[in-house]
Amino acid sequence: MEAIVLAAGYSSRANAFKMMLPLGKMTVLEQTISKFEGLCSKVIVVAGFQAELIQAEIEKICDKNAYSFQIKFVYNENFNQGMFTSIQKGCNEINAPTFFFTPGDCPLVKKETVQLLARHEGDVVIPSFNYKGGHPIKLTKEVKQKILQANPDSNLRVVLASFEKEYTIVDDPGVLMDVDTQGDYQKAIDYVVT
């Protein structure tokens, strides 16, 4: 298995570059990446805005030798055209039959949740908490092909509409928690501490 982590956005609502914000003993980005330990052979991080900061952070993470997977940095020169271009860029690097996809600002998912999703069959496997779908999503190479064939102006929802979705109920509010605003970040800090 492999994973795509999107880290290309402007962080416009966070008033800070959220991927680099400290969260526990790691940055937001490393917290997100760390959840794939033991499951994935490769984690692809797609950067755009302030890509050099992301690249430097990945080098720091790799220097720790804390993870068994390869971390691949990919730059999306079209990141200002929207998130779907970053998803396509990441999909270009996927070789595994199944892969995870998550925005980089979803650092609070439990590792057990990711392990549970990994065991579920289906083209589109989505974690569900309180009847709401969250991240990470597990996808197959069939979905990858459709993503790559789609118009860059499209979006993931449109592509996934043609596939049956498997919702996996999880006891993990982290699947719904992202770090979009300063308020979200404060909540995330409190959540990690507890």
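Preceding block: the structure.
Here the residue numbers are simple positions, counted from 1 along each chain's written sequence. Where totals are concerned, whole chains, interfaces and linings use all residues; where local detail is concerned, this predicted model gives features only for residues with pLDDT of at least 70, and gives and counts side-chain atom pairs only at 80 or more. To obtain the side-chain values, all non-hydrogen atoms of the structure were used and water was disregarded.

Chemist: Looking at this structure, I do not really get the overall build of the protein chain. What am I missing?
Modeler: Segments assigned H or I by DSSP are reported as helices when at least four residues long, segments assigned E as strands when at least two residues long, and all are numbered from the N terminus. Helix and strand counts for the protein chain stand at 7 helices and 10 strands. Restricting the calculation to C-alpha atoms gives the radius of gyration, and the globule rule supplies 2.2 Å times the number of residues raised to the power 0.38. Computed over C-alpha atoms, the radius of gyration of the protein chain comes to 15 Å, within 12% of the 16 Å expected from 2.2 N^0.38 for 194 residues, which places it in the range of a compact globule. Over its C-alpha atoms, taken along the principal directions, the protein chain stretches across nearly 40 × 35 × 30 Å. Three exposure classes are used, based on accessible area relative to the maximum for each residue type with a 1.4 Å probe and protein chains only: buried under 20%, partly exposed in between, and exposed over 50%. Considering the protein chain as a whole, with its 194 residues, one finds that 52% of them fall into the buried category. Should any heavy atoms of two residues lie within 4.5 Å, those residues are considered in contact. Taking all contacts inside the protein chain whose residues are at least 6 apart in sequence as the whole, residues at least 24 apart take part in 75%. A 1.4 Å probe and the Shrake-Rupley method give the accessible areas. Residues count as covered only by the protein chains that appear here. About 9,400 Å² of surface is accessible on the protein chain, with carbon and sulfur atoms providing 50% of the total. His is not counted, nor are the chain ends, whereas Lys and Arg count as positive and Asp and Glu as negative. Working definition for charges: the position is that of NZ of Lys, CZ of Arg, CG of Asp or CD of Glu. Where the 20 positive side-chain charges of the protein chain centre and where its 23 negative ones centre are 1 Å apart.

Chemist: Could you clarify how one ought to interpret the nonpolar core in this entry?
Modeler: Buried together is how nonpolar side chains tend to be arranged in soluble globular proteins. Leu29, Ile33, Phe36, Val43, Val45, Ile54 and Phe100 are the most contacted members of the largest nonpolar core, which totals 28 residues. Counting only elements with at least two residues in this core, the list comes to β1 (2-7), α1 (28-34), β4 (42-47), α2 (51-63), α4 (111-119) and β7 (124-129). Here this core gets 4 residues from one element, more than from any other, and that element is α2. Beyond its immediate chain neighbours, meaning those up to four positions away, Phe36 contacts Ala3, Val5, Val43, Phe69, Phe100, Thr102, Val114 and Pro136. With 22 residues, the next largest nonpolar core counts Cys91, Ile94, Phe101 and Ile137 among its residues. Definition of nonpolar core: a set of buried residues of the types Ala, Val, Leu, Ile, Met, Phe, Trp, Tyr and Cys, connected through side-chain atoms within 4.5 Å.

Chemist: Any chance you could explain the packing of aromatic side chains here in plain terms?
Modeler: Aromatic rings considered in pairs are described by the distance between their centres and by the relative angle of their planes. Ring pairs shown here join Phe, Tyr and Trp side chains whose ring centres sit within 6.5 Å, with only the six-membered ring taken for Trp; geometry is labelled stacked below 30 degrees between planes, edge-to-face above 60, and tilted in between. The final tally for this structure, using the stated rule, is 2 aromatic pairs. Judged by centre distance (5.4 Å) and plane angle (40°), the rings of Phe36 and Phe100 are tilted. Note that Phe36 is positioned in the loop between α1 and β4 and Phe100 in strand β6 (residues 98-103), a separation of 64 residues in sequence. The exposure class assigned to Phe100 is buried, which follows from its relative accessible area of 0%. Taken together, a centroid distance of 5.2 Å and an interplanar angle of 10° make the contact between Tyr67 and Phe69 stacked. We note that Tyr67, like Phe69, is buried.

None of the figures reported here should be taken as evidence of function without further support.
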